[in-house]
Amino acid sequence: MPYPYDINDINARAAKNPRGFAEECEAIYNRKVMEAAASIQERIPLSRVVFLSGPSGSGKTTTAQKICDAIKKLGIYAHTISLDKYFLERNPETTPRTQDGEYDFESPYCLDLKLLNEHFHQLERGAEVMIPHFCFNLQKPDPDKATPLKLLKDEIVIFEGIHALSDMLADEHPDAFKLYISARSDIISGNEVCFKRTWTRLIRRIVRDSFFRGQDALATLKMWANVRDGEKLYISPYKYKADLLFDSSMAYEVPVMKEYAANAIKTIPEDTGRFEELRSVLPALMSFEKLDPKLVPKDSILREFIGGGIYEH
């Protein structure tokens, strides 16, 4: 487990030298990206398929693209494919449901697992496959938007998604490099945890959903229980299958996200389910120094949540 961050150190550095603090945190992150790229390169003689998994709010999409950029510097071209493209058509008869009878969109059985495994094997053999396109508006695949993919020499493909390490996929391809990404560091005050790592992912989701998904903080909070239940069932049990555990948290991010998240949380009515958790999150946020988001680089993982970045999401 990564070492926790210390809130007193965070606040002192954010107040004294915010630019230097941001630059150092980003440099640490970029070193981890380069280490991941080097590890993937070593595995290429065995497999040109990479599985990248992690729970919601981990920054999988940006990290996958940053790894692609790093791999290019090693002379290898990397494609990134979201497992979301392999969603099956929503069907009242076959789509998995939660105990409450709602669609369980966290279940791996929402994916076309058979097609995924076929594509992994075909890509390894150098065959061309048609990557599907799932239309979220229609809630079904759109065959007219499927795109071809064939791995050429010195090319790899990174499949990223919450279920990339599940038994149904990873066990079928033991030689593929497996990477698990999550915000894995708590923040402490003295000997006590004052900001949980799961809170880091929650505020990332709240801010991103508010900015880019047309979903207010109340809607995100209502979904959060199902998201967390899905993580415990379908994601966390498989993380130790990974060849590399990647901590996507950064010491300076809560000061950056502070006002965005606090303003969104304050819009949530107190009689909302799970609001008790926010009674702890909000005052914890207020205990951090603010750090100007303008200091966040355009290629930072934090841009996945606050916007203004160079990567597509």
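Predicted model only: the values in this text are computed from it and were never measured.

Each value, and the rule that gives it
Within each chain, residue numbers correspond to sequence positions counted from 1 in written order. With pLDDT at 70 or above as the cut-off, local features in this predicted model cover only qualifying residues; side-chain atom pairs require 80 or more to be listed or tallied, and sums for whole chains, interfaces and linings still use all residues. Hydrogens and waters are ignored; side-chain quantities use all the structure's heavy atoms. Salt-bridge detection follows one rule: a side-chain nitrogen of Lys or Arg within 4 Å of a carboxyl oxygen of Asp or Glu. The buried label applies to any residue whose accessible area, calculated with a 1.4 Å probe on protein chains only, is under 20% of its type's maximum; exposed applies above 50%, and partly exposed to all values in between. Helical segments are the DSSP runs of H or I of at least four residues, strand segments are the runs of E of at least two, and each set is numbered from the N terminus. In this scheme, strands are said to pair when DSSP sees at least two bridges between them. A fitted line through C-alpha atoms represents every axis, and for helices the fit uses only the stretch in contact; the resulting angles, taken between N-to-C directions, go from 0 to 180 degrees. Contact criterion: two residues are considered in contact whenever any of their non-hydrogen atoms come within 4.5 Å of each other. For classification purposes, angles smaller than 35 degrees are called roughly parallel, those larger than 145 roughly antiparallel, those between 65 and 115 roughly perpendicular, and all remaining angles oblique. Should the near helix be turned anticlockwise from the far one by less than a right angle, the crossing is left-handed, and should it be turned clockwise, the crossing is right-handed.

Enquirer: Residue-level account of the pattern of salt bridges, with values.
Expert: The tally for this structure, following the rule as stated, stands at 13 salt bridges. The salt bridge partner of Asp 209 is Arg 208, with a shortest N-O separation of 3.8 Å. Summarising the burial analysis for this pair, Asp 209 and Arg 208 share the class buried. A salt bridge links Glu 231 to Arg 228, with the shortest nitrogen-to-oxygen separation between them at 2.6 Å. Residue Glu 231 and its partner Arg 228 are located together in helix H7 (residues 217–234), separated by three residues, close to a single helical turn.

Enquirer: Give a description of the sheet that holds strand S8 (residues 155–160) that names residues and reports values.
Expert: Across the sheet, which stays open at both edges, the five strands sit in the order S3-S8-S2-S9-S12 with parallel pairing between neighbours. Each edge of the open sheet is held by one strand with a lone partner, namely strand S3 (77–82) and strand S12 (244–247). Taking each pair of neighbouring strands and ignoring which way they run, the sheet shows an average axis angle of 25 degrees. Sheet topology note: the S3/S8 ladder contains six bridges and is parallel. Bridged to Ile 81 within S8 is Phe 159. Along the sheet, helix H2 (residues 18–43) makes contact with strand S2 (49–53), S8, strand S9 (177–182) and S12, crossing S12 at roughly 160 degrees. Where helix H4 (residues 113–124) meets the sheet, its contacts fall on S2 and S8, and the angle it forms with S8 comes to roughly 165 degrees.

Enquirer: Requested: an account of the packing of H2 against helix H3 (residues 60–72), with residues and values cited.
Expert: Viewed as axis vectors pointing N to C, H2 and H3 meet at an angle of 65 degrees, and their least axial separation amounts to 9 Å. Considered as vectors, H2 and H3 are oriented roughly perpendicular to each other. Where H2 crosses over H3, the handedness of that crossing is right-handed. Contacts between H2 and H3 pair Tyr 29, Asn 30, Val 33, Met 34, Ala 36, Ala 37 and Ile 40 from the former with Thr 63, Lys 66, Ile 67, Ala 70 and Ile 71 from the latter.

Enquirer: Quick rundown of the environment of Leu 116? Include the residues and the values.
Expert: For Leu 116, the location among the structural elements is in helix H4. Remark: the alpha-carbon pair of Leu 116 and Gly 161, spanning 45 residues in sequence, is separated by 12 Å. Contacts of Leu 116, omitting those with residues within four sequence positions, involve Leu 83, Tyr 86, Leu 111, Phe 159 and Leu 169.

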